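The chain contents come next:
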Amino acid sequence: MCKNSQDIICSNAGTCHCGRCKCDNSDGNGLVYGKFCECDDRECIDDETEEICGGHGKCYCGNCYCDAGWHGDKCEFQCDITPWESKRRCTSPDGKICSNRGTCVCGECSCHDVDPTGDWGDIHGDTCECDERDCRAVYDRYSDDFCSGHGQCNCGRCDCKVGWYGKKCEHPRSCPLSAEESIKKCQGSSDLPCSGRGKCECGKCTCYPPGDRRVYGKTCECDDRRCEDLDGVVCGGHGTCSCGRCVCERGWFGKLCQHPRKCNMTEELSKSLCESADGTLCSGKGSCHCGKCICSAEEWYISGEFCDCDDRDCDKHDGLICTGNGICSCGNCECWDGWNGNACEIWLGTEYP
């Protein structure tokens, strides 16, 4: 009863009495503690100042959690960024600092590990937004019972295998179709089930995000979010969206109906507005119309105000740029509401229906 997960009695830092560990605190400071004496806060003492975490943080089970503006194993270093910038970098999508599951250290989140004696932490992510404990029916640090054994844990949410549903994939679902038949019906003409924008269950697609009418179709093939610019304006205000494509009003053209057919400026002025920093017209990868660059349609990946961006630089997931859940903006994914991650591959919105 006194052995830790490595079968070491009281972590070699105490003695066992009647099935309980008595930790070695001969100096009376109480720095060694824990059920198996696994925590030793003497590790937090700064060798130079002889203070816990250098006086700039708190110690938890041998690890320093530094105050704002300090970092290092013993909180011995000051940050080179302002506290405001540090806070901004640590703010999670829900507006909380490190999702209330970690400590912001110089612009980076140090996620709290629920069991310091275990392996890699259950809480992770750039802003500690992922908590794998949510995928377990009963939390047991040393169990791999994720999603009841019937799904995959993705940032604290269970993606259930075909035939199972529920928050922890705990409920079986009867379906007359085989797994292959179900996926085939959900694919349609796409390479991915539900066009990579939904969840396939028994041959039927549930599109993400739940309740968002902009994503629809039998196989979630229509995504009207593609008609919006970064400010959320549909088809530049000069057209209507039909299954993810803009139908422009008369006198306008472009992918987002952003270009007027008539131009009231001189050609010289127009070209001057299309010159990139090196003086090249539209970076040599497009044509100039009324002071705006129209990037080459043959090179689909070229974008940007001066056609100076390459959308292939954006992260991919399942073969899709930004996983189809965001807009590639000059090499970086701008995720739509509810999605997060470098490739917008993590769903953080409301529960799946």
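Just so we're clear, the structure is a prediction, and the values are computed from it rather than from any experiment.

Calculation notes
- Residues numbered from 1 in each chain as written.
- Predicted model: local features only at pLDDT ≥ 70, side-chain atom pairs only at ≥ 80, totals over all residues.
- Heavy atoms only, no water.
- Helix = DSSP H or I, 4+ residues; strand = E, 2+ residues; numbered from the N terminus.
- Rg over C-alpha atoms; globule rule 2.2 N^0.38 Å.
- Buried < 20%, exposed > 50% of the residue type's maximum accessible area, 1.4 Å probe, protein only.
- Contact = heavy atoms within 4.5 Å.
- Areas by Shrake-Rupley, 256 points an atom, 1.4 Å probe, with all protein chains shown as cover.
- Lys, Arg positive; Asp, Glu negative; His and termini not counted.
- Charge placed at Lys NZ, Arg CZ, Asp CG, Glu CD.
- Pairing = 2+ DSSP bridges.
- Salt bridge = Lys/Arg side-chain N within 4 Å of Asp/Glu carboxyl O.
- Domains from an automatic or database assignment.
- Buried area = accessible area lost by both parts, 1.4 Å probe.
- Polar contact = N/O pair within 3.5 Å; in protein donor to acceptor, adjacent residues only side chain to side chain.
- Nonpolar A, V, L, I, M, F, W, Y, C, P; charged D, E, K, R; others polar.

**Description of the overall build of the protein chain**
Here's step 1: Secondary structure summary: the protein chain contains three helices and 34 strands in total.
Here's step 2: Taking 2.2 N^0.38 as the reference for a compact globule, 353 residues should give roughly 20 Å; the C-alpha atoms of the protein chain span a radius of gyration of 27 Å, well beyond that estimate.
Here's step 3: Considering only C-alpha atoms, the protein chain reaches an extent of 90 × 60 × 25 Å along its principal axes.
Here's step 4: Counting the 353 residues in the protein chain, one finds 37% classified as buried.
Here's step 5: For the protein chain, contacts bridging at least 24 residues in sequence account for 29% of all contacts bridging at least 6.
Here's step 6: Within the structure as shown, the protein chain displays about 21100 Å² of accessible surface, and the carbon and sulfur contribution to it stands at 47%.
Here's step 7: Each charge class in the protein chain can be summarised by its mean position, and for the 40 positive and 62 negative side chains these summaries are 9 Å apart.

**Some thoughts on the pairing of strand β22 (residues 245–248)**
Here's step 1: With four bridges connecting them, strand β21 (residues 239–242) and β22 associate as antiparallel partners. Paired with Gly239 across the strands is Cys248, a residue of β22.
Here's step 2: Here β21 folds back onto β22, and the loop between the two strands holds two residues, one of which, Cys243, carries a positive phi near 50°.

**So, the pattern of salt bridges**
Here's step 1: According to the stated counting rule, one finds nine salt bridges in the structure shown.
Here's step 2: Measuring nitrogen to oxygen at the nearest pair gives 3.7 Å for the salt bridge that ties Arg101 to Asp131. Residue Arg101 is located in the loop between α1 (83–90) and β9 (102–105), and its partner Asp131 is located in strand β12 (residues 130–131); the two are separated by 30 residues in the primary sequence.
Here's step 3: Classification of Arg101 as partly exposed rests on a relative accessible area of 24%.

**Section: the domain arrangement of the protein chain**
Here's step 1: Structurally, the protein chain comprises domain 1 (10–78), domain 2 (87–108 + 123–172) and domain 3 (179–223).
Here's step 2: On the domain 3 side, the residues contacting the five residues of domain 2 number five residues.
Here's step 3: Counting the surface lost from both domain 2 and domain 3, the interface buries some 300 Å², and carbon and sulfur atoms represent 56% of this.
Here's step 4: In terms of surface lost to domain 3, no three residues of domain 2 exceed Asp159, Cys160 and Val162, which account for 81% of the buried area on that side.
Here's step 5: Taken together, the connections running from domain 2 to domain 3 amount to zero salt bridges.
Here's step 6: There are zero residue pairs in polar contact (both at pLDDT 80 or more) connecting domain 2 and domain 3.
Here's step 7: Across the side of domain 2 that touches domain 3, the residue classes break down as five nonpolar, no polar and no charged.

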